[in-house]
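Overview (structure and organization)
Spelled out, the chains give:
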Amino acid sequence: MRIISGTYRGLRLRTLKGGNLRPTTDQLRETLFDVLGPSIEGSTFLDTYAGTGAVGIEAISRGARDVVFIEHHRAASQLIRENLAALEIDSGYSLMTCNVLTGIERLERESERFDMVFLDPPYEEIREYHHTLRQLARGSLLGPNSIVIAEHSKHIELEVNYLTLIQTRLLRHGDAQLAFYRPAPLAQ
């Protein structure tokens, strides 16, 4: 697994041995960041269910101003720390080792806002998708121009709307899909 583009282009990231993590593939990350394009530069980025940290680290490499990683599993959280240290990234990020919904609630209490939110729970944890997307829709982390991206299996069908979040795009890549959501425009 490698960084696709930006400051850390071509550098490798470690992953945990065994089947405990399903990192976003290099090709899918490249597709994701091709869609996000130059909007990543200077953005605030939330990487939930962060696993190896590859998506958030790619955001840092491409110029995100601030990245927050949320990962519940301690071994994966430690792996993110190790990957950041190996790349000598020592600022512009924070790492929360907790349940994603708990992390979102904590960030809301701290009045954080994010331009982009990426979520990639284990594919079989379908409820995690629904709970997280609904929490993001009713919470305060998103601005009117924020974008939420959910990576999921092609065998899972996510809802088109989660309260005020509306699916605007769906890209399929192999067994994976990227569902893009935006907050509904406010009524004038």
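Structure shown above.
These numbers come from a predicted model, not from an experiment.

Cut-offs applied
Residues numbered from 1 in each chain as written. Predicted model: local features only at pLDDT ≥ 70, side-chain atom pairs only at ≥ 80, totals over all residues. Heavy atoms only, no water. Helix = DSSP H or I, 4+ residues; strand = E, 2+ residues; numbered from the N terminus. Rg over C-alpha atoms; globule rule 2.2 N^0.38 Å. Buried < 20%, exposed > 50% of the residue type's maximum accessible area, 1.4 Å probe, protein only. Pairing = 2+ DSSP bridges. Expected span 1.5 Å × (residues − 1). Arc of directions from axis to C-beta. Contact = heavy atoms within 4.5 Å. Polar contact = N/O pair within 3.5 Å; in protein donor to acceptor, adjacent residues only side chain to side chain.

**Remarks on the overall build of the protein chain**
Within the protein chain, the secondary structure is distributed over five helices and eight strands. The secondary structure elements of the protein chain, listed N-terminal to C-terminal, are α-β-α-β-α-β-α-β-α-β-β-β-β. For 188 residues, the compact-globule estimate of 2.2 N^0.38 gives 16 Å, and the C-alpha radius of gyration of the protein chain, at 15 Å, lies within 12% of that figure. The principal-axis extent of the C-alpha atoms belonging to the protein chain is close to 50 × 35 × 30 Å. Buried positions account for 49% of the 188 residues belonging to the protein chain.

**Comments concerning the environment of isoleucine 40**
Within the element layout of this structure, isoleucine 40 appears in the loop between helix 1 (26-36) and strand 1 (44-48). Taking C-alpha positions, isoleucine 40 is 17 Å from glutamate 112, a pair spaced 72 residues apart along the chain.

**Considerations on the pairing of strand 7 (residues 165-173)**
In this structure, strand 6 (residues 161-162) lies alongside strand 7, joined through two bridges in antiparallel fashion. Note that in strand 7 the partner of tyrosine 162 across the bridge is leucine 165. The turn joining strand 6 and strand 7, which pair antiparallel and follow one another in sequence, is formed by two residues; a positive phi near 55 degrees is taken by leucine 163. Pairing geometry for strand 7 and strand 8 (residues 176-183), over eight bridges, is antiparallel. Bridged to glutamine 167 within strand 8 is tyrosine 181. What sits between the antiparallel neighbours strand 7 and strand 8 is a turn of two residues, in which glycine 174 has the positive phi angle 65 degrees.

**Comments concerning helix 3 (residues 74-86)**
The end-to-end C-alpha distance of helix 3 is 18 Å, a good match for the 18 Å that 13 residues give at a rise of 1.5 Å each. If you check which residues of helix 3 are buried, you get Ala76, Ser77, Leu79, Ile80, Asn83 and Leu84. Projected down its long axis, helix 3 carries its buried residues within an arc of 155 degrees, all on one side. Those residues of helix 3 that are exposed and aimed more than 90 degrees away from the buried face are Arg74, Ala85 and Ala86. Structurally, helix 3 contributes buried residues whose contacts are with helix 2 (54-61), strand 2 (66-70) and strand 3 (93-96). Downstream of helix 3 by one or two residues, glutamate 88 has phi in the positive range, about 60 degrees.

**What to know about the side chain of serine 153**
Checked against the element boundaries, serine 153 lands in strand 5 (residues 142-153). Overall, the relative accessible area of 6% leaves serine 153 in the buried class. Here the side chain of serine 153 touches histidine 155 through a polar contact of 3.0 Å, landing on its backbone nitrogen. Setting aside anything within four residues of it in sequence, one finds serine 153 in contact with Tyr123, Asp175 and Gln177.

**Re helix 1**
Buried within helix 1 we find Leu28, Arg29, Leu32, Phe33 and Leu36. Buried residues of helix 1 fall within an arc of 130 degrees about the axis and therefore sit on the same side. Opposite the packed face of helix 1, turned more than 90 degrees from it, sit the exposed residues Gln27 and Asp34. Downstream of helix 1 by a residue or two, glycine 37 has a phi angle that is positive, lying close to 55 degrees.

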